[in-house]
Amino acid sequence: MQKAEKQDRLATGLILGLAGIAALIVISLVAYLLITGLPHVSWHFLTSSASSFTSGGGIFDQLFNSFYLVILTLAVAVPLALGAAIYLSEYAPQNGWTNDLRLAIEVLSSLPSIVIGLFGYLVFVLRWGLDFSLLAGALALTIINLPLLTRACETALQQVPALQRQAGLGLGMPKWQVTLKIVLPQALPGILTGAILSAGRIFGEAAALIYTAGQSTVNVDYTNWNPFAPTSFLNPMRPAETLAVHIWKVNTEGLIPDAAAVSSGAAAVLILTILIFNLSARGLGNYLARRLRK
């Protein structure tokens, strides 16, 4: 018995030690990025446009493009993922077809983003004629995030107790009404959490957007609310450099004198935004779960 207890303590200590090392590496990396980048972040840096050849530029356009791309991607990905999750959780029979479909989703989630970016370039940019645009980038990011969102939505739906479904069916409600009025409201915290976590991944993506959304930004008029105008900030058909792509571009080209400062500041803003997305997902999920238990 004592030997088993010693082995258990040894295994527990080993697991905790490895987890601590991994956490230390992540915390050190985040701390390094924030310590080196935050001194370069200012109100002028956040609200001014980027500069191509002179120092003193900011990241406002890239920051707006990143948030706008998140909205466009989620507008396409969430309905598709939720529909697929409802089918898999509520309607699909447990057979080989369903297992193959889940396997395909897992395979899709393991594809490198650069491969999906090249696919988006060939299909959305060239074949469909979308050119380098926010819409082409949103469609490419939809492919990347669809497996994550589908699994998150399916897991949230499966966590709803079966007794609640049976109670609705026992009252004479049709299947679709049980799903819409009983299952979905109960699964809402998990669905929203998955959507917000997916938003963080969208915000930090770069490789796929280089080939779809482009590496340049047109002169945008933020007072033009017509989404069909070429210079409107709401036009989804304009090329748009996001914050992650801007960091890559500044580091690879280095045409501006303060490239290191701009890159460090932009990286710090990127890290903080992704942290906010993740913390918001956890906080919102816990809040909605408490509200549903009342």
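The coordinates are above.
Everything in this summary refers to the structure shown in the same document. Everything quoted here is computed from the prediction, not taken from an experiment.

What counts, and where the lines are drawn
Residues numbered from 1 in each chain as written. Predicted model: local features only at pLDDT ≥ 70, side-chain atom pairs only at ≥ 80, totals over all residues. Heavy atoms only, no water. Helix = DSSP H or I, 4+ residues; strand = E, 2+ residues; numbered from the N terminus. Expected span 1.5 Å × (residues − 1). Bend = angle between axes of the 7 residues up to and from the residue. Buried < 20%, exposed > 50% of the residue type's maximum accessible area, 1.4 Å probe, protein only. Axes fitted to C-alpha atoms, helices over the stretch in contact; angles between N-to-C directions. Parallel < 35°, antiparallel > 145°, perpendicular 65-115°, else oblique. Left-handed = near helix turned anticlockwise from the far one by under 90°. Contact = heavy atoms within 4.5 Å. Nonpolar A, V, L, I, M, F, W, Y, C, P; charged D, E, K, R; others polar. Polar contact = N/O pair within 3.5 Å; in protein donor to acceptor, adjacent residues only side chain to side chain. Salt bridge = Lys/Arg side-chain N within 4 Å of Asp/Glu carboxyl O. Phe/Tyr/Trp six-rings, centres within 6.5 Å; stacked < 30°, edge-to-face > 60°. Lys NZ or Arg CZ within 6 Å of the ring centre and 35° of its normal. Core = buried A, V, L, I, M, F, W, Y, C linked by side-chain atoms within 4.5 Å. Patch = residues over 30% accessible without salt bridge, like charges linked within 9 Å, V, L, I, M, F, W, Y side chains within 5 Å. Areas by Shrake-Rupley, 256 points an atom, 1.4 Å probe, with all protein chains shown as cover.

Attention now goes to helix α5 (residues 113–127). A rise of 1.5 Å per residue sets the reference length of α5, with its 15 residues, at 21 Å; its end C-alpha atoms lie 19 Å apart and thus fit the reference within 8%. When the local axis directions of α5 are compared, the greatest deviation, roughly 30 degrees, occurs at G120. Along α5, the residues classified as buried are I116, G117, G120, V123, F124 and V125. Immediately beyond the C-terminal end of α5, within one or two residues, lies G129, with a positive phi of roughly 70 degrees.

Before going further, it helps to examine the packing of helix α4 (residues 96–109) against helix α6 (residues 134–158). Interaxial distance between α4 and α6 falls to 8 Å at its minimum, and their mutual angle equals 135 degrees. With respect to each other, α4 and α6 are oriented oblique. Relative to α6, the crossing made by α4 is left-handed. Here α4 contributes R102, I105, E106, L108 and S109 to the contact with α6, which in turn contributes I143, P147, T150, R151, E154 and Q158. Its residues assigned to classes, the contact of α4 with α6 shows four nonpolar, three polar and four charged.

What follows is about the side chain of Q62. You can see Q62 is positioned in helix α3 (residues 60–91). Overall, Q62 belongs to the buried group, its relative accessible area being 3%. Among the polar contacts made by the side chain of Q62, one reaches the side chain of E241 at a distance of 2.9 Å. Not counting residues up to four positions away in its chain, the partners in contact with Q62 are A50, T217, E241, T242, L243 and H246.

So, on to unusual backbone geometry. A positive phi angle, close to 55 degrees, is found at D131, a residue other than glycine. Turning to its location among the elements, D131 is positioned in the loop between α5 and α6.

Moving on to the pattern of salt bridges. This model, assessed by the stated rule, comprises seven salt bridges. One salt-bridge network, in which partners are shared between bridges, spans R102, E106, R151 and E154.

The subject of this paragraph is the packing of aromatic side chains. Enumeration over the complete set of coordinates arrives at 12 aromatic pairs. Taken together, a centroid distance of 5.8 Å and an interplanar angle of 25 degrees make the contact between F64 and Y68 stacked. Of this pair, F64 and Y68 both sit in helix α3, four residues apart, roughly one helical turn. The aromatic ring of Y91 is capped on one face by K175, whose charged end is 5.8 Å from the ring centroid.

What follows concerns the nonpolar core. Core analysis: the largest hydrophobic core is formed by 49 residues, its most contacted members being F124, L141, F203 and L243. Every element with two or more residues in this core is listed here: α3, α5, α6, α8 (175–204), α9 (207–210), α10 (243–253) and α11 (259–293). Of all the elements, α6 adds the most residues to this core, at nine residues. Not counting residues within four places of it along the chain, the set of residues in contact with L243 comprises I59, Q62, L63, S66, F203, A266, V269 and L270. With 13 residues, the next largest nonpolar core counts A156, V160, L184 and I191 among its residues.

Take a nonpolar patch on the surface next. Together, Y87, Y91, W97, W176 and L180 make up a nonpolar patch on the protein surface, roughly 580 Å² of accessible area in all. At the level of secondary structure, the elements contributing two or more residues to the nonpolar patch comprise α3 and α8. Position of Y87 among the secondary structure elements: in helix α3. Take Y87: its relative accessible area is 33%, and that puts it in the partly exposed class.

Here E154 lies in helix α6. Classification of E154 by relative accessible area gives buried; the value is 2%. Taking the C-alpha atoms as reference points, E154 and L80, separated by 74 residues in sequence, lie 12 Å from one another. In this view, E154 contacts A85, L88, S89 and R102; residues no more than four positions away in its chain are not counted.

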